[in-house]
Amino acid sequence: MKAFREDFLWGGAVAANQYEGAWDVDGKGASVSDMCTNGTHTTPKRITAVIEPDTLYPSHEAIDFYHHYKEDIALFAQMGFKTFRLSIAWTRIFPTGMETEPNEAGLQFYDNVFDECKKYGIEPLVTISHYEMPYALVEKYNGWEGRECVDLFVRYCEVIFQRYAGKVKYWLTFNEINSGTMPLGNVLSLGTVRGYTGSVMEVPDDPKIRFQALHHQFVASAKAVKLAHEQYPDYQMGNMICFITKYPYTCNPDDMILTQKEMQMTNWFCSDVQVRGYYPSYAERYFEENGIVIQKEPGDDALLKEGTVDYYTFSYYMSTCTGIAPEGSATSGNLVGGLKNPYLKASDWGWQIDPKGLRYTLNEIYGRYQIPLMVVENGLGAYDKVEEDGSVNDDYRIDYLREHIEQMREAAADGVDLMGYTPWGCIDLVSASTGEMAKRYGFIYVEKYDDGTGTLARRRKKSFDWYRQVIASNGQQL
């Protein structure tokens, strides 16, 4: 069977707001995620308009990568990482997003991180905005509803593009930008939560505002890509989609049509704009039927065309079923749930495990766009137990990853141009959806718990040595 390409980028993925900590250190401002409390599998986390006393905000310390980055990157190097997907916290560079001059301490921190990566030959893959924006922009503009955020974001990009020239080659503009097509995207991505305190699952949702805010992100992404292509020709600019593969629940044609419509607006809409450079025709009917009118400025359509991405990246954790009949039982998932597939098992959090769905998805994406692809999030959130001897025997995680890598190899044999793989949460971190530590993904266990306690000590799980072998064999030894 055809192997992965020789320059395949094996690594792991994290996000600043979920692992850095040091939320108010060295001039950093508050981001949206800094205003989110902890939650559990059954109790949603809350977002608060002000920091409440005696309340746990997990991102404030997270796993304190800010003070442990040398140790952590050394561990990644021991596994043989070729790349490390991380994000820059906008609020480290511009604490409110509105300053005229960047925060030097924040810029220096990422210089140090990238230099440490370079020391071990690890290529940074940098997400410019990963589920956080300055909370001051929420207060002033209701987040991305305000067109003003476009130029503020571009100024942030200008600074980091110039500062890290020669240190960073691979960039992604917005993490899981298609979360903006869903109500939860108000909190996670768009920041359209001005003045709201309460459960993240009950945020007031106005699709007209949400899709307008998403349009502003499209324009900002296109401007950033155009800027990079014009001034930094060696930069490779990508998008990032939360891909939620959907199957029709039955062979009823109505289920097929419903599945097609959901796939269009959930999975294809944002990347059609970012890869093809224009709003797709099916979106026009969706907007018309839902009373949505996108306010565009002159030149927006041209910008979208000029700012298309070089490669496509996505997260893949699970698949769901879609159908019109109520007989299927509901199941949870990444951002949205669906109907339970009777042919699949599920994780501790109810996410259905579907490795073959990844092969199917890779083929669908590549057939649509014919540009290089990268799986930048994939993994198993699970309860990990530390044994008396200090070991963590996470065979369930090894099984999950092995089965997905096998299907990526099948997709490569199918002819898909697959450039890399960065499993999510390569080191344990705070869950974005629930705000808990108990949902662990990493190859590295971090002594940090849901009540905020813990020594922050790092220990290798069984999967650590397994993944090292996978990378050393370029995916041949699984």
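See the structure printed just above.
Here we summarise the structure given alongside this text. Bear in mind that the values here come from a model prediction, so they are computed numbers and not experimental data.

1. Describing the pairing of strand S16 (residues 418-421)
Part 1: Here two bridges tie strand S1 (residues 9-13) to S16, and the two strands are oriented parallel to one another. Looking at the pairing, Leu9 lines up with Gly420 of S16.
Part 2: Relative to S16, strand S15 (residues 373-377) is paired through three bridges, and the arrangement is parallel. When the sheet's bridge partners are listed, Val375 is paired in S16 with Tyr421.
Part 3: Of the crossover connections in this fold, the one passing from S15 over helix H13 (residues 395-413) to the parallel S16 is right-handed.

2. Looking at the packing of helix H9 (residues 253-276) against helix H10 (residues 281-289)
Part 1: Running from N to C, H9 and H10 point in directions that differ by 125 degrees, and their axes come no closer than 10 Å. Taken together, the axes of H9 and H10 are oblique relative to one another. Of the two elements, H9 crosses H10, and the hand of that crossing is left-handed. Within the contact between the two elements, H9 uses Gln264, Met265, Trp268, Phe269 and Asp272 and H10 uses Tyr282, Ala283, Tyr286 and Phe287.
Part 2: Residues that form the contact of H9 with H10 fall into these classes: seven nonpolar, one polar and one charged.

3. Brief notes about the pattern of salt bridges
Part 1: Applying the stated criterion across every chain yields a total of 35 salt bridges.
Part 2: Taking the shortest distance from any N to any O, the salt bridge between Arg163 and Asp111 comes out at 2.7 Å. Placement of the pair is Arg163 in helix H6 (residues 148-163) and Asp111 in helix H4 (residues 104-119), with a sequence separation of 52 residues.
Part 3: The class of Arg163 is partly exposed, set by a relative accessible area of 26%.
Part 4: Under the relative-accessibility criterion, Asp111 is labelled buried at 6%.
Part 5: Across the pair Asp272 and Arg368 runs a salt bridge, and its minimum N-O distance is 2.9 Å.

4. Structural notes on the sheet that holds S16
Hydrogen bonding along the main chain pairs the strands of a sheet, whether they run parallel or antiparallel.
Part 1: One closed barrel accounts for eight strands, arranged S1-S3-S4-S5-S7-S9-S15-S16; its pairing is parallel. Across the sheet, the mean angle from the axis of one strand to that of its neighbour is 30 degrees, orientation sign disregarded.
Part 2: Of the strands in this sheet, strand S4 (123-129), strand S5 (170-174) and strand S7 (236-242) are in contact with H6, which crosses S4 at around 160 degrees.
Part 3: This element, helix H8 (residues 207-231), spans S5 and S7 of the sheet and lies at about 160 degrees to S5.

5. Some words on the pairing of strand S10 (residues 319-322)
Part 1: Residues Ser319 and Cys321 line one face of S10 and the alternating positions Thr320 and Thr322 line the opposite face, and both faces are buried.
Part 2: With four bridges joining them, strand S8 (residues 245-248) and S10 adopt parallel strand pairing. Pairing of Lys246 across the sheet is with Thr320, part of S10.

Conventions adopted
Residues numbered from 1 in each chain as written. Predicted model: local features only at pLDDT ≥ 70, side-chain atom pairs only at ≥ 80, totals over all residues. Heavy atoms only, no water. Pairing = 2+ DSSP bridges. Helix = DSSP H or I, 4+ residues; strand = E, 2+ residues; numbered from the N terminus. Right-handed = clockwise from strand over helix to strand, strands pointing away. Axes fitted to C-alpha atoms, helices over the stretch in contact; angles between N-to-C directions. Parallel < 35°, antiparallel > 145°, perpendicular 65-115°, else oblique. Left-handed = near helix turned anticlockwise from the far one by under 90°. Contact = heavy atoms within 4.5 Å. Nonpolar A, V, L, I, M, F, W, Y, C, P; charged D, E, K, R; others polar. Salt bridge = Lys/Arg side-chain N within 4 Å of Asp/Glu carboxyl O. Buried < 20%, exposed > 50% of the residue type's maximum accessible area, 1.4 Å probe, protein only.

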